Amino acid sequence: MLEVRGLRAEVNGVEILKGVDLSVGAGETHAIMGPNGSGKSTLAFALAGRPGYEVTGGEALFDGEDLLALPPEERARKGLFLSFQHPVEIPGVRMDRFLRAGYNETRKSKGEAELDPLQFDRLIRGKAKSFRMDPALIKRSVNEGFSGGEKKRNEALQMAALEPRLRILDEIDSGLDVDALREIAEGVAEMSGPDTATILVTHYERILAYLEPTHVHVLMDGRVARSGGRELAREVEERGYDRLTAGAGV
Amino acid sequence: MSASANSATAWAEQFHAFERNGAAGAPQWLANLRRSAFGAFERAGFPTARRGNEPWKYTNVRPIAESVFTIAEPNAEASVDLAPYELPCPRVHRLTFVDGRYAAHLSTEPASEAELRSGALWRGGDGPVVGRLADAVEYRVPLAQERLGSLASAEDDAFTALNTAFLRDGAFVHVPAGAVVPEPIHLLFIATGRSAAATHPRALISADADSSATVLMSFESLDGGAYFTNAVTEAIVGPGANLRLCALQRESAGAFHIASTRIRQARGSRVSSVVVDLGGRLSRREISAALEEPGAEVSLCGLYYGDGERHMDNRAFVDHAAPEATSSEIYKGVLDGASRGVFCGGALARPGAQKTVARQTNKTLLLSPGAEADSQPKLEIFADDVSCTHGSAVGQPDADALFYLKSRGIGADAALALLARGFMSEVIAAIEDGAVRQRVEDAVAARLGGGA
Amino acid sequence: MTTATNRAVRELAEQSYQYGWTTDVEEESVPPGLNEDIVRWISARKGEPEWLLEWRLRAFRHFMTLLDDARLPAWANVSHPPVDFQAIRYYAAPKAAAELSSLDEVDSEILRTYEKLGIPLEEQKRLSGVAVDAIFDSVSVMTTAKETLAKYGVIFSSVSAAVQEHPDLVRKYLGSVVPYSDNFYAALNAAVFSDGSFVYIPPGVRCPLELSTYFRINAQESGQFERTLIIADKGAYASYLEGCSAPMRDENQLHAAVVELVALDDAEIKYATIQNWYPGDENGKGGIYNFVTKRGKCAGARSRISWTQVETGSAITWKYPSVILQGDGSTGEFYSVALTKGRQQADTGTKMTHIGKNTSSRIISKGISAGRGNNTYRGLVKVLPNAENAVNYTQCDSLLIGDQCGAHTVPYIEAQNRSASVEHEASTTRVSEDQIFYCQQRGLTREAAQSVIVNGFVREVVKRLPLEFSVEADRLLEVNLEGTVG
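As the structure is a prediction and not an experimental result, all values here were calculated from the model. (Residues numbered from 1 in each chain as written. Chains lettered and ligands numbered in written order. Predicted model: local features only at pLDDT ≥ 70, side-chain atom pairs only at ≥ 80, totals over all residues.)

With that settled, consider the overall build of chain A. Along the backbone of chain A there are seven helices and twelve strands. Taking 250 residues into account, the globule formula puts the C-alpha radius of gyration at 18 Å, and chain A, at 18 Å, falls close to it. By its C-alpha atoms, chain A is 60 × 40 × 35 Å across when sized along the principal axes. Sorting the 250 residues of chain A into buried and exposed places 46% on the buried side. (Helix = DSSP H or I, 4+ residues; strand = E, 2+ residues; numbered from the N terminus. Rg over C-alpha atoms; globule rule 2.2 N^0.38 Å. Buried ≥ 20, exposed ≤ 12 C-beta atoms within 10 Å, placed from the backbone.)

Take the overall build of chain B next. When you go through chain B residue by residue, the secondary structure sums to ten helices and 21 strands. By the compact-globule yardstick of 22 Å for 452 residues, chain B fits well, its C-alpha radius of gyration being 21 Å. For chain B, the spread of C-alpha atoms along the principal axes amounts to about 65 × 55 × 50 Å. Scored against the burial criterion, the 452 residues of chain B give a buried share of 55%.

Taken together, the contact pairs 31 residues of chain B with 31 residues of chain C. Elements supplying a minimum of two residues to the side of chain B that touches chain C: strand S20 (372–381) and strand S21 (387–395) of chain B. In terms of residue count, the dominant contributor to the side of chain B that touches chain C is S20(B) (ten residues). Of the residues contributing to the side of chain B that touches chain C, the split by class is 14 nonpolar, eleven polar and six charged. Bridge count for S21(B) against strand S23 (residues 421–430) of chain C is seven bridges, and the pairing is antiparallel. (Contact = placed C-beta atoms within 7 Å. Nonpolar A, V, L, I, M, F, W, Y, C, P; charged D, E, K, R; others polar. Pairing = 2+ DSSP bridges.)

So, about unusual backbone geometry. Residue and element names in this part refer to chain A. Its identity is not glycine, yet Asn12 carries a phi of approximately 50°, on the positive side. Secondary-structure assignment places Asn12 in the loop between strand S1 (2–11) and strand S2 (14–24). The exposure class of Asn12 is exposed, given the 8 C-beta atoms found within 10 Å. Of note, the phi angle at Glu163 is positive, near 50°, even though the residue is not glycine.

All right, on to the interface of chain A and chain C then. At the interface, 25 residues of chain A touch 22 residues of chain C. For the side of chain A that touches chain C, the secondary structure elements donating two or more residues are helix H2 (72–77), strand S7 (90–94), helix H3 (95–109) and helix H5 (148–162) of chain A. The element that contributes the greatest number of residues to the side of chain A that touches chain C is H3(A), accounting for seven residues. Looking at the side of chain A that touches chain C residue by residue, the class counts come to 15 nonpolar, five polar and five charged.

A few words now on the sheet that holds S2(A). Residues and elements named next belong to chain A. Strand order across the open sheet formed by four strands is S2-S1-S4-S5, with antiparallel pairing between neighbours. Since the sheet does not close on itself, it has two edges, and those belong to S2 and strand S5 (65–66), each with one partner. Pairing between S1 and strand S4 (residues 53–62): eight bridges, direction antiparallel. From the neighbouring strand, Glu3 faces S4, where its bridge partner is Leu61.

Let's shift gears to the sheet that holds strand S11 (residues 215–220) of chain A. All names here are of chain A. In space, the six strands of this open sheet follow the order S6-S9-S10-S3-S11-S12, with mixed pairing throughout. The open sheet terminates on both sides in strands that have one partner only, identified here as strand S6 (80–83) and strand S12 (223–228). Ignoring strand direction, the axes of neighbouring strands in this sheet form an average angle of 20°. Pairing between strand S9 (residues 166–170) and strand S10 (residues 197–202): five bridges, direction parallel. Residue pairing across strands places Asp170 opposite Val201, the latter belonging to S10. Sitting on the sheet, helix H1 (residues 40–48) touches strand S3 (29–33), S6, S9, S10 and S11, and the angle it makes with S9 is about 145°. (Axes fitted to C-alpha atoms, helices over the stretch in contact; angles between N-to-C directions.)

Among the nine residues of helix H8 (residues 184–192) of chain C, eight are classified as buried, and the element is accordingly described as predominantly covered. Those residues of H8(C) that are buried are in contact with helix H2 (36–45), helix H3 (50–68), strand S8 (227–232), strand S11 (258–263) and strand S13 (287–298) of chain C.

Mean pLDDT for chain B: 90, with 96% of residues reaching 70 or above. Note that residues 120–125 of chain B has pLDDT below 50 and, in this model, seven contacts with residues that lie over four places away or in other chains. (pLDDT = per-residue confidence, 0-100.)

Here we come to the pairing of strand S6 (residues 197–201) of chain C. Residues and elements named next belong to chain C. Counted residue by residue, S6 has five buried out of five residues, so it is predominantly covered. In S6, alternate side chains face the same way, and those of Ser197, Val199 and Ile201 on one face and Phe198 and Tyr200 on the other are all buried. In terms of strand pairing, strand S5 (residues 155–158) meets S6 through four bridges, oriented antiparallel. By the bridge assignment for S6, Ile155 is matched with Tyr200.

Pairs of packed helices are described in terms of their axes, by the angle between the two and the distance that separates them. All names here are of chain C. It is at 9 Å that the axes of helix H9 (residues 433–441) and helix H10 (residues 446–462) come closest, and there the two elements cross at 115°. The element H9 and its partner H10 pack so that their crossing is right-handed. Each of Gln435, Ile436, Cys439 and Gln440 in H9 lies in contact with H10, whose residues at this interface are Arg446, Ala449, Gln450, Val452 and Ile453. Its residues placed into classes, the contact of H9 with H10 shows five nonpolar, three polar and one charged. (Left-handed = near helix turned anticlockwise from the far one by under 90°.)

Residue and element names in this part refer to chain A. At a minimum axis separation of 11 Å, H3 and helix H4 (residues 117–130) run at an interaxial angle of 105°. In terms of axis orientation, H3 runs roughly perpendicular to H4. Within the contact between the two elements, H3 uses Asp96, Leu99, Arg100 and Tyr103 and H4 uses Pro117, Phe120, Asp121 and Ile124. Tallied by class, the residues present in the contact of H3 with H4 amount to five nonpolar, no polar and three charged. (Parallel < 35°, antiparallel > 145°, perpendicular 65-115°, else oblique.)

Here is the structure:
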């Protein structure tokens, strides 16, 4: 589904990604781990097309198509969803209207009929329930005044509504207590299937208990230092990043 | 003939007398500067609070315009005890002026001719040049000629014009490049308080690249006449320099105090100014900073306390002429009796001044039914990538807090004073130099009561 | 700035005006110029009583004194060439424009005009819960739903008709809130006002319909000087809406209206404006000078007056809908959206004067500057010495789109009572790249993202409008701002 080869990216003229290779197939869950500053979030942003994250080399193909040539909204409409570590507040813009606009744009791009406000309202209420999200939140301004946990639930809710195929979850576990984390992770797991893929960007191993990864990658200094299976994550947890890579001779 | 016409004639007579006597022997450039300034004053006259004259909307200077003031003569009988004004620190550079005249016995040794002429010659290798403006003029110090009047233009303002026309002495402070001055520089202006006396103190401060210094200007009085202080300060701040300014105004209850401070800042420089208005019958204090190069940072803070019929007008203006500069203005007023406190803040982000950050806050506590607060926090923005905010609040002391204090046995007046001082503490805390901060804290405590 | 933003900004700045056509209708008008004869002619044309003519003449003389002394308002942050008051036509009206009661009598061209503007003059639209007074150039051409309103004792007519039918009410209140001597343009208006709406709601009546006036300038060289007077008697309630548009013309046209509101004890008036006068072209040629004085007096205890405005049109807007809070416990509100693009200039805000005890006021102002537009909020909150426990909250936010525009805030706070609580907050920002990217990540284009964010920025104000108008306001902002996603 996603082929990343030799991806290099700069932020403010500083090279952060120094040649990342990553291959994600349908039905897979990849955990990207790494210490602070290793480039995890930069990878997520570069794939989603955030301005200021300048790709200087390499390529990223999504279903064989050049992802990097597309504006961010086209990437989103093709099914790439980024769950933000720090969801952005947009004062005065109601959550449901905001999401309906994105939802209908996506449907339109697929040649599907748009939903009217009532239909969409039913859809979103259903999804909110399954994430145990206070339905009052979807009538409030996007992320404005939301607690950390509410913001994360809101990201998951949006993901559920937009039904993306490739989900990039950037530090979805930060700022969440254990129960909330479990609920959200279970929700994400429920939305997973043979046609979807997930990239989990995370600092800690604990979320992997809920979202069993098929692949684990350790990102160090802008490159994938090691790749492996579930056991690699445990190794990270036990030995820490420094010794892990030292042991690997990198 | 009207009172103000009387006064205008008196100013003109005085100016011509001053040109013949006190100002005689001045270099040509200074004579020209004075003469053109007086011309500007005569053309403009004192500002009036007429409709449409925005800067003077809330402050009526007719009592000044209609009085006849004469240049203060040195009061030979005045004996001055320095102790109450001294800063609580072992080392200080101090210049003292009594009724506008330099008082050698109350000052630390001023800079010599050689030091004035060459900023590179520091006393003991680490000192700034703290000298008399009159000396700098007499010794033909190039910096004096180059910079005097470069920021404070007589054309801008009648009071600045008057100060420039009668410019005679004051402080010349030059902190050479790279010099870090740990001890405060104290410019002490003492009025003996004789009625109808006018002084026009002037300070020229140059903080060259990467230098650092603290300058306290304090205005004190020995007696309570209706005298007139008209001060002008210019501060030129070089790249990377860090200048901390503080003005402590404790004029007598009958005095008129007008002060104007103009600051120009180069790349990456930092200026922190704290003004404290505790005295005077009418005070008006204007401070403006031009951030002319990227990365400049300025903080303009002030507090004012009024009781009786005092009128205080504080104005702070920041001109963001370059991108990536930061400014903040925090002014707090406590108004008791029938006093009136005015604040006018302003921030201008010129076209191209992207990444400007400008914050303004004005808060006023009204302690009595007769007090009045006027607040005008303005923004003028011509660049889109900016973050500018301003806020203003007027209200009474928090009733719950007041009750809490009283429930602990504190009397009503003391409780109010405590709350007022707590309210002001944010501004006092902005004074970085410990000795200056202590001096201001003591002055505020003495004025408001509520215990030290 | 990215090219996409550049493009969005350019499109925004160049959005063309959609109401710029003219109506071909036979007009009766006076020659351009201002003199006592014109004032007398207007008054005679309307068959006015002597006292009103006298009042006009006093206003005229006052105006001429101001004009001779060149005492034009100079404090606003706007610039324009001097207005030639002798080049303006002070009266223009469609021929045979006696007030009509049936649509059949209205010139079909005029009806078509309002249809095109989407104003419900037709019979079936009366069911939509709106009564409309349609003002075409200088006169009212049609007031709908009069019979329904009459059942409740509500008077809704043109001012001209009210002068004839309810002279006592008009005489009592005309000029009681905005005297002719109030300011330069108020004096001009008092001298030459030609028509406007008049509303009187009797004690205890909640007006069952939204009252609405639609102003249309059509004739060339003409100015529009309407005068609106609304009185809500004790315990009465009225919601009033006005909309404005004008054809595209190369010359600047002057609109100098006066609106007076009076709310007696426990009365409430909500006044909403959607102002979309022709703004001039992208180079600043042509457009309406919108110099308007609007003021309400909360004369009675516990009365409420609320102004809501969405200002998207006019070359220059100069208006400060204000409230005099005289009655104890009265409330004044001002909600404003002002959008300037192209070369538009707006200097707008409010004055809240707290006089009575326990009065409160609330000001929410949202300024949007794009293109080379300049937007100024100017507001005064004044608490007089006897206004115990006055409360004010002011929030004024500016949004800048592009780097050629300006946003300014000039608030004045004057508190003369220690029990006052006056709070003012303001911020200036632009649409952030983070917000745009977040929207894009959810499938919106940059342009749509911008439109969504701007709509969010103004939501707090637009939601105050009655439903019909909030839809209109959204549409207008959308037309003015590229993108159709709401």
